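Structural overview for review
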Amino acid sequence: MPVLCSLAVSPSGRLAAVGARLAWSGETMADLGDNVTIPEFSCLLQMDPYLKPYEQDFRRRYELLQKQLFLLEEAEGGFDQFTRSYNTFGVQRRPDNSLYFKEWAPAAEALFLTGDFNGWDKFSHRYTKKEFGKWELILPPKHDNSPAVDHNSKLKVVVHTKEGQRLYRISPWAKYVTKEEKAIIYDWVHWDPPQPYIHIHPRPKKPTSLRIYEAHVGIGSPEGKIASYNNFTTNVLPRIKDLGYNCIQLMAIMEHAYYASFGYQITSFFAASSRYGTPDELKQLIDVAHSMGILVLLDVVHSHASKNTEDGLNRFDGSDSCFFHSPPRGEHSLWDSRLFDYSSWEVLRFLLSNLRWWMEEYRFDGFRFDGITSMLYHHHGIGTGFTGDYSEYFGLQVDEDSLVYLMLANHVLHTLYPDCITVAEDVSGMPALCRKVEEGGLGFDYRLAMAVPDKWIQILKELKDEEWNIGNIVHTLTNRRYGEKCIAYAESHDQALVGDKSLAFWLMDKEMYTNMSSLIPMTAIIDRGMQLHKMIRLITHGLGGEGYLNFMGNEFGHPEWLDFPREGNNQSYHYARRQFNLVDMDHLRYGQLYAFDRDMNRTEDKYGWLAAPPAFVSAKHEEDKVIVFDRANVLFIFNFHPNKSFQDYRVAVEAPGKYKIKLDSDAVQYGGHGRLDHNTEFFTYPEPFNGRSNSIKVSIGKILQTVSQDDSVFIERHWEETSESEGCGR
């Protein structure tokens, strides 16, 4: 019987499920969970009864969340005000044009402000010490009533420590930081333009089918340089729209001093990276994307921070803690970075306000949270293999401070912005990661299906074509927690990085440089690679999840890896670019892969299989290497056999009627051989087969022999086909 679940939320944002205020200070960890009711926990148990033995863990987590919400309401008037702390910290221009500066530096002995405005005098403008480690400074306006600090002028916080050190720091709340061409350290630049950019277009509605284009602004050009926000707006956004993606996941936007970190070593959390342009140019990029009906997600990094001190958060007040745990807990041994103290009130203020800032100021539509596995466990996933045993997800190995922070972040975001999308990067398989907070879950909308790209790479790297395990492929694509939505992808930026290979490179390798011309016959390697590139993407798209992701350039089989300028490559930008120009050359086959990716997305947009319930797999035939499944009244047929094709092959369908081909990877325009007649109509037989009520017979290709340039003979690997049932309601 369905369970009706409901929850009341107060206007200030505190969950109203407890019903009574608790004496939090008098409770021990053992007591937590005894006095709280999770409003919709029965919904979670209905979805997965095997979680029942861990009910106490869920209750404790939920009560810790309640405690935070209770304290936020008592101390700050609710999370609405608390998460707008970017309006009070850093630097603020008041209505009378005076400037108000505020920082949190609990270990500091004294704070001073210096910069262009005072000729870099280190002692003339001293902050006043306030309670709880806060420091404040007010600068009256100039005689002409203009602000004391000009727009685009440089500033520094001078921190005096109890040990007598004098440190030069950037405000953690800095909205804009820049670096001179040959400098190493970033500068805090006061950003207060006289005419700031005003967004014109409203946020698009949250789509039911999420098709994500993972993108990096700096590599968004064929030229060997750092590309700009304006370049992305003008040249890349139209391509994304044409390809049929309805969401962009922007990487490396939060400022990071080291370009080759791919944006994952953040130094300034509130600053949009200046290497691509100004904050207003990023705002325009997002605004134009919204005008095209495209959502924009920020790849947010709250799992760790750069160790940089002069232009980062590390040792801001001179101590080894402040925003972070003291070592060793506050250091990540593999990432060489600092780890936040999520139990700290001011760290919660900083991180939650950071999320709110990107939503409000830039109008992002949500976030992809990086490094969730590292946050969830004290071991950070280092040297740990997750088997799926539920005991791995509960107990002392779980870092409940960071887990509750993630619950709080999702609760805040989804309460304030109901259409906000949050995606978790987690390799552990944490149960209830993508269930509502009100059920006891962490509240994410999607998780990344990270096992899928690993499986494809493993197959291409280790197995011959005839050794492919069809059942294992289907298992990997369908092995996800029921009721928790996944973003499926065949490859992301991880596979494009130097040291690994993209799917196209695994399939075609060096021949991509010499044999991708459509003016010459396809070699065996290019033919096989082209067909498998399309097949792998479509089966991942159709079977692998409730959303789909592609990394920029991989849709057309970008021929090179990704490597940012660094000492090891002589600071070269040659591989830190995307060669979109290859798609525009009619004589190259890259455009054929691009066209298939485009039409695959457009077909999904029409039939909506990503928003449909999981597929019904009616065939996973090991000997024939055939996979058949239906989803959203669309029938998918894949033949992965390297040298065997079939006539009058019987496949199962549920809906009776007439079927027609709607997407065929063997079509000539996609680099195929055009062996199917798209005017053919397929009629069902009322004969149950493989768990479905009806069946049809199809021809899965003919054997094609092609003589390559070295006169060797090969048998071409076949395609997949997608069919639509006519006369049946979707």
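Computed from a predicted model, the values in this text were never measured in an experiment.

1. A word on the nonpolar core
In this structure, F232, L250, I253, W358 and W456 are the most contacted members of the largest nonpolar core, which totals 160 residues. Each residue touching W358, except ones within four places of it in the same chain, is listed here: I253, M254, F269, F270, A271, A272, L282, L298, R363, F364 and F367.

2. Side note on unusual backbone geometry
Following P327, the chain continues into P328 via a peptide bond in cis, with omega recorded as 5 degrees. Here P328 lies in the loop between β14 (295–300) and β15 (331–332). Phi is positive for A632, close to 55 degrees, though the residue is something other than glycine. Considering the arrangement of structural elements, one finds A632 in the loop between β23 (626–631) and β24 (634–639).

3. Focus on the sheet that holds strand β2 (residues 99–104)
Strand order across the open sheet formed by 4 strands is β1-β2-β5-β4, with antiparallel pairing between neighbours. The sheet is open, and its two borders are formed by β1 (90–93) and β4 (128–129), each paired with just one other strand. Looking at chain direction, β2 and strand β5 (residues 134–139) are connected through 6 bridges and run antiparallel. The residue of β5 that forms the bridge with Y100 is I138.

4. Notes on the state of the cysteines
Under the criterion given, the structure shown has 0 disulfides. Residue C247 stays outside any disulfide, its sulfur separated by 11 Å from that of C420, the closest cysteine.

5. A few points about helix α4 (residues 229–243)
Between its first and last C-alpha, α4 extends 20 Å over 15 residues, near the 21 Å set by a 1.5 Å rise per residue. At V236, α4 is deflected by roughly 40 degrees, the largest bend along its length, and proline P238 occurs up to four residues later in sequence. When α4 is considered as a whole, its buried residues turn out to be Y229, N231, F232, T233, V236, L237, R239, I240 and L243. Buried positions along α4 lie against β10 (210–216), β11 (247–251), β13 (268–272), α5 (279–291) and α15 (590–607). G244 lies just past α4 and shows a positive phi near 90 degrees.

6. Thoughts on the sheet that holds β14
Spatially, the 8 strands close up into a barrel ordered β10-β11-β14-β17-β18-β19-β20-β21, and their pairing is parallel. Here the average twist between neighbouring strands, direction ignored, is 30 degrees. Where β10 and strand β21 (residues 547–551) come together, 5 bridges link them in parallel fashion. Directly across from I212, in β21, lies its bridge partner L549.

7. Some thoughts on the confidence of the model for the protein chain
For the protein chain, the average pLDDT comes to 90, and 91% of its residues sit at 70 or higher. For the stretch residues 1–26, pLDDT sits under 50, and the model shows 57 contacts to residues farther than four places along the chain or on other chains. Note that pLDDT drops below 50 for residues 702–730; the model gives that stretch 115 contacts with residues more than four away or on any other chain.

Rules behind the numbers
- Residues numbered from 1 in each chain as written.
- Predicted model: local features only at pLDDT ≥ 70, side-chain atom pairs only at ≥ 80, totals over all residues.
- Heavy atoms only, no water.
- Core = buried A, V, L, I, M, F, W, Y, C linked by side-chain atoms within 4.5 Å.
- Buried < 20%, exposed > 50% of the residue type's maximum accessible area, 1.4 Å probe, protein only.
- Contact = heavy atoms within 4.5 Å.
- Helix = DSSP H or I, 4+ residues; strand = E, 2+ residues; numbered from the N terminus.
- Pairing = 2+ DSSP bridges.
- Disulfide = S-S within 2.5 Å.
- Expected span 1.5 Å × (residues − 1).
- Bend = angle between axes of the 7 residues up to and from the residue.
- Axes fitted to C-alpha atoms, helices over the stretch in contact; angles between N-to-C directions.
- pLDDT = per-residue confidence, 0-100.

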